[in-house]
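The lines below spell out each chain.
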Amino acid sequence: METSVRNRSLGAISLADVEYLLSEWEIQCLILVSFALQVSLFLCAGIRRRSTSRVVGVLIWLAYLSADSVAIFALGHLAVHAGGPSHQLVFLWAPFVLLHLGGQDTITAFSMQDNELWRRHLLTFAQQLALAVYDVSKSPWPDRRLLATVMLMFLSGCVKYAERTICLATARPARLMADFLDGFKDRVSSIKEMQTIARDGGLGSSRYLSSRAFTNFSLNPAMDIMSTDILPNYDWSVSREIFWVLDSKIRGLDLSGQEEYFRQTYRFAETRLFICYQRLYTKALFRLSLLGAFLHLFTFLTTSAATVLFHFAVSGGRARQAYSSTDVAVTYVLLGGAVVLEVSSFFLSMFTRQDLFSHPVICCSCLEHPPIIRLVFCMTCGNCAAMLRRWRRPRHWSEKLAQYSLIGRSAQLASSGSLVPRCIAERVMVSTKPVPVTEDLKMFVIRKLLDPDTMLTAESDFTGSRGEQALSKWVGKLEVPPAATGILRESLRDVDFPTTVLLWHIATDVCFFKASTAAPPVNAADKDKKTISRQLSNYIMYLVFKCGVLRTSSSQFLLRKAQDEVLHLLNRGKDQRRQRQGDREQQEGEKGRRLHEEEAMERLLRSGLLDRGAQELAAANAPPFSSSAIEVLSAAVLPRAFKVAAALDSIRGLPGEQAASPWDLIVAVWLEMLFYIAPRCGAAFHRQHLSTGGELVTHVLVLMYIVGPLGYHPDMLKKTSGWVHQRW
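Residues numbered from 1 in each chain as written. Predicted model: local features only at pLDDT ≥ 70, side-chain atom pairs only at ≥ 80, totals over all residues. Heavy atoms only, no water.

(A) The arrangement of the side chain of Thr-500 in detail. Mapped onto the secondary structure, Thr-500 falls in helix α26 (residues 497–516). A distance of 2.9 Å separates a polar side-chain atom of Thr-500 from the backbone oxygen of Ser-491. The residues contacting Thr-500, other than those within four sequence positions of it, are Arg-466, Ser-491, Leu-492, Val-495 and Met-673. (Helix = DSSP H or I, 4+ residues; strand = E, 2+ residues; numbered from the N terminus. Polar contact = N/O pair within 3.5 Å; in protein donor to acceptor, adjacent residues only side chain to side chain. Contact = heavy atoms within 4.5 Å.)

(B) Structural detail: the pattern of salt bridges. This model, assessed by the stated rule, comprises 18 salt bridges. For the salt bridge of Lys-283 with Asp-105, the shortest nitrogen-to-oxygen distance reads 4.0 Å. Of the two residues, Lys-283 is situated in the loop between α13 (255–281) and α14 (284–288) and Asp-105 in the loop between α3 (94–101) and α4 (112–116); the sequence distance between them amounts to 178 residues. For the residue pair Lys-283 and Asp-105, the accessibility class agrees, reading buried in each case. Salt-bridge contacts for Lys-442 lead to Glu-439; the nearest nitrogen and oxygen are separated by 3.7 Å. With Lys-442 and Glu-439 both in helix α22 (residues 439–449) and three residues apart, this pair spans about one turn of that helix. The class of Glu-439 is partly exposed, set by a relative accessible area of 41%. The network of salt bridges with common partners includes Asp-105, Lys-160, Glu-163, Lys-283, Arg-287 and Glu-342. (Salt bridge = Lys/Arg side-chain N within 4 Å of Asp/Glu carboxyl O. Buried < 20%, exposed > 50% of the residue type's maximum accessible area, 1.4 Å probe, protein only.)

(C) Region of the structure containing α26. An ideal rise of 1.5 Å per residue puts 28 Å on 20 residues; α26 measures up with 28 Å between its terminal C-alpha atoms. Across the 20 residues of α26, 18 count as buried, placing the element largely inside the fold. (Expected span 1.5 Å × (residues − 1).)

(D) Inspection of the packing of α22 against helix α27 (residues 524–546) at higher detail. Viewed as axis vectors pointing N to C, α22 and α27 meet at an angle of 80°, and their least axial separation amounts to 11 Å. Between α22 and α27, the crossing angle belongs to the class labelled roughly perpendicular. When α22 is examined against α27, the residues Asp-440, Leu-441 and Phe-444 are found in contact with a partner set consisting of Asp-528, Lys-529, Ile-532, Gln-535 and Leu-536. The residue makeup of the contact of α22 with α27, split by class, is four nonpolar, one polar and three charged. (Axes fitted to C-alpha atoms, helices over the stretch in contact; angles between N-to-C directions. Parallel < 35°, antiparallel > 145°, perpendicular 65-115°, else oblique. Nonpolar A, V, L, I, M, F, W, Y, C, P; charged D, E, K, R; others polar.)

(E) The arrangement of a nonpolar patch on the surface in detail. Taken together, the side chains of Val-55, Val-58, Leu-59, Trp-61, Leu-62 and Leu-65 define a hydrophobic patch exposed on the protein surface, amounting to about 540 Å² of accessible area. Note that Val-58 resides in helix α2 (residues 54–81). For Val-58, a relative accessible area of 44% corresponds to the partly exposed category. (Patch = residues over 30% accessible without salt bridge, like charges linked within 9 Å, V, L, I, M, F, W, Y side chains within 5 Å. Areas by Shrake-Rupley, 256 points an atom, 1.4 Å probe, with all protein chains shown as cover.)

(F) Molecular detail of the environment of Ile-60. Its location among the elements puts Ile-60 in helix α2. Sequence separation between Ile-60 and Ser-40 is 20 residues; the distance between their C-alpha atoms is 8.7 Å. Beyond its immediate chain neighbours, meaning those up to four positions away, Ile-60 contacts Leu-41, Cys-44, Ala-45, Arg-48 and Phe-110.

(G) Broad picture of the environment of Lys-160. Relative to the helices and strands, Lys-160 resides in helix α6 (residues 144–170). Judged by relative accessible area, which is 4%, Lys-160 ranks as buried. Placed 139 residues apart in sequence, Lys-160 and Thr-299 show a C-alpha to C-alpha distance of 7.7 Å. For Lys-160, the contacting residues outside a window of four places in its chain are Leu-99, Gly-102, Gly-103, Asp-105, Lys-283, Arg-287, Thr-299 and Glu-342. Engagement of the side chain of Lys-160 in a polar contact is seen with the side chain of Glu-342, the distance being 3.3 Å.

(H) Structural view of the nonpolar core. One finds Leu-502 and Leu-648 to be the most contacted residues of the largest nonpolar core, which totals 121 residues. If you tally residues by element for this core, the top one is helix α34 (residues 662–677), at 13 residues. In contact with Leu-648, not counting residues within four places along its chain, are Leu-488, Trp-504, Ala-507, Cys-511, Pro-662, Leu-665 and Ile-666. (Core = buried A, V, L, I, M, F, W, Y, C linked by side-chain atoms within 4.5 Å.)

(I) Structural view of the packing of aromatic side chains. Summed over the entire model, instances satisfying the criterion amount to eight aromatic pairs. Taking 6.5 Å as the distance between ring centres and 25° as the angle between the ring planes, the aromatic pair formed by Phe-294 and Phe-298 counts as stacked. Separated by four residues within a single helix, Phe-294 and Phe-298 lie in helix α15 (residues 290–314), roughly one turn from each other. A relative accessible area of 27% places Phe-298 in the partly exposed class. The aromatic ring of Phe-268 is capped on one face by Arg-272, whose charged end is 4.6 Å from the ring centroid. Stacked on the ring of Phe-512, the Lys or Arg Arg-534 has its end atom at 5.0 Å from the ring centre. (Phe/Tyr/Trp six-rings, centres within 6.5 Å; stacked < 30°, edge-to-face > 60°. Lys NZ or Arg CZ within 6 Å of the ring centre and 35° of its normal.)

(J) Up close: α13. Its 27 residues place the ends of α13 39 Å apart at the C-alpha level, agreeing with the 39 Å of an ideal helix rising 1.5 Å per residue. Burial within α13 is extensive, with 19 of its 27 residues counted as buried.

(K) Quick look at the confidence of the model for the protein. Considering every residue of the protein, the mean pLDDT works out to 76; 69% of them sit at 70 or more. Mean pLDDT values for the elements of the protein range from 38 in helix α37 (residues 714–727) up to 93 in α4. In this model residues 1–12 is a low-confidence stretch, pLDDT under 50, and it forms zero contacts with partners more than four residues away in sequence or in other chains. (pLDDT = per-residue confidence, 0-100.)

(L) Molecular detail of unusual backbone geometry. The backbone phi angle of Glu-399 is positive, close to 55°, even though this residue is not glycine. Mapped onto the fold, Glu-399 is located in the loop between α19 (371–391) and β1 (400–403). Positive phi, normally seen in glycine, also occurs at Leu-550, with a value near 60°. Considering the arrangement of structural elements, one finds Leu-550 in the loop between α27 and α28 (553–581). Take Leu-550: its relative accessible area is 32%, and that puts it in the partly exposed class.

Right under this line is the structure:
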C-alpha cells in the first residue's frame, strides 16, 4: 500500500517537473533551435551544390523548411505565452525571429518553386512583422538602452527579410526571361560586330577584348541557358568564318598548350555556372550591387551596435538581479551569433567575388567606380581572396556522372526474387549510381566541339545530328559490311530519339562486355574509348528515362517492355541452371545471392540473340527497322537491339599504324547524342540540377556556347587569369 502511494507521488512529481520545464523554458529552447538551424544552413547549404547524395538533399531540405516553421512558431508562442517579471528579455527575441526568417546568404531558395512564390514570402513578412511589433509592445521597456537594442534588431531583421524577398523575386523564371529578352537586341548586334572584328583583326586582337561585342556577348552565356529554352540562336553556318580563326589559333599551340587551353576553358564554364547558382539560390550576386553591399554593412553595424547596447544595459548590478541569467545568456548567444554570421558571410563573399570578378569585363567595369569602391574591390576580389584561394581550389559542382543501366537494373530486380513485389523493389532499390567525371571525358567533349570536320562541313546546325554525321565519317575509315551500315543508319535515323538511345545502349553494353572477355585485350586508347562510351551510354539513358528529357509515353513503354524481356531471359536462365545443378542446397543458396551485371550479360549472350543477329547480317536479309509506331511498340525490343550490337561487332579496323576501331565510331555517336540532347533539356532542367550537384550536360551546353564558333581564344583566357593583378 505504501509502495503504491510512493510510486504515485513520484510519478506526480516527475510529471509536474516536466510541465514546469515546458512552461518555463519552452521559448528559450525554441529560439535556440531556430538559431541552430540558421547556423546549420549557413554551414551546410553549399554542400548540395557539390553533392548528388539524396541523404544530403533531404537533410538540407528538412533544415530549410524547419527553419521557417520553428521561427514562425516561436514568434507566435511569444505573443501568447511570454511574460512575467523575470522574463522581460524574452520580448527582445522577437526581432531575432525576423532575422532568422530573413535566412542566410548561402541559401535563399531551396528550389525554383520558392523563387516563384516570392509574393507568399512577402505576405509572410508582413504578417510576422505585425506579430513581432505586437510582441514587443507588450513590454514596458524601462531601460531605454534595451529599447534601442530592440529597434536596431528590428531594422536588421527587416533588412534581412527584404533582401531575401528581393533575391527570390529577381531569380524567378519570368524575371530571368524578361532580362534575357531585354538584352537580346544587343546580343544580335554583338554577334554582327564580332563577325566584322574577326574579318579585320581577329578574335584575339585588343579591339575585340575592348569591344562592346565582347562586353555584351560573353559576360555569362550560362545565364542564357537558365533563362530560356531557345538558343539565342547562333547560325553555325554564318559563324564558321569566326571558327576558322579560333581553330587556326588553337592548332598553332603545342600539345601542352592545347591541353592547358582546354582545362582553362572547362574551368571557365564551371565558373559561369557557379555564378548562375549564386544568382538563383543565394544572395551572392545581390551582395555585389551597391545596394546589397550597403545593406550588408548596415546589418553588421546595427547588430554590432545592438550587442554593445545590450551589454551596457545588463552589466549593472540591478540589471543582473532584474533579469534571468539564463535569458541574458541566450540573448548573448543570439547577438554574438548574429555578428559572427555577418562577419562569416563577408569572408565567404570574398571567395564568391573572386570568382565573379575573374572575368575581364567585370574588372574593367569596376575601374569606373570611385577610388573607395576600387579599394574595396582590390581587398575583397583581388589579392586577399586570390591568396586564400591558392591554398585550396574550390569544387563548384559534384563532378559526378549519373549512370542508369538497363541490364544492371534488370539484374537488381531479378535478384530481389519473388519475395519482394516488383512495384516495391522498383521504388526501394537505387536505380542509378554516380561515377567521377574524368579528365579524359572532358577532353573528348572539348576536342569534339573543336573538330573542324564537324563544325565546318555541317550543312546546318551541328546539334541536329543524333549520330548520323559520326556514322558517315567513320564508315569510310572502318571496314563495315553494307548490311551493317544499313542497320546502324536505320537505328539512328528511322526511329525517335529515345528509341535510338535504348537500342544503342543495349548494343553498347553487349559490345562492352564482349570486348572485356575477348582473348586479345584491347589497347589503352580503345580501352579509354570503351569506358567513355559506356559511361555516356548510361548517362544519356539516365537523362532520357530517369530525368524525362525528350521522353514520351511510347518510349517509357518500350523501356518497360525491354526490361520485361531481359527479366524473362534472366529468370529462364536461372531456372535452367537450377535444373542442371539439381542440388537443393545450392538452389537455396542461389535465392539469396545477388545477380551481378556481368553474369546477367553472360546469360543474355547465351540466349542466342546476338548469334541470330549476326546470321541475319551475314545472309544480308536483315529486315529493316519499321518506322510505324504500332509496329515499333508491338515488336520485341531485344532482337532489334542485338541486331545493332551484331552490326557493331562486325566492324573491323583497316590495317595501318593508326588504324581506327569500332569504339571510335561508338564513342563519336554517343558524343553527338550528348550534343543533340544538351540544348533540348530545357532551362527548367538546368536550373533544377544546379542545386542538386550539377549535370555534365549543362556544362556541355555552356561549352557549346563558349568553345564553339563564338568561342574564346587562348590569349583571352590567359589574360583572364591574370587580369586582376595586371590592373592593380
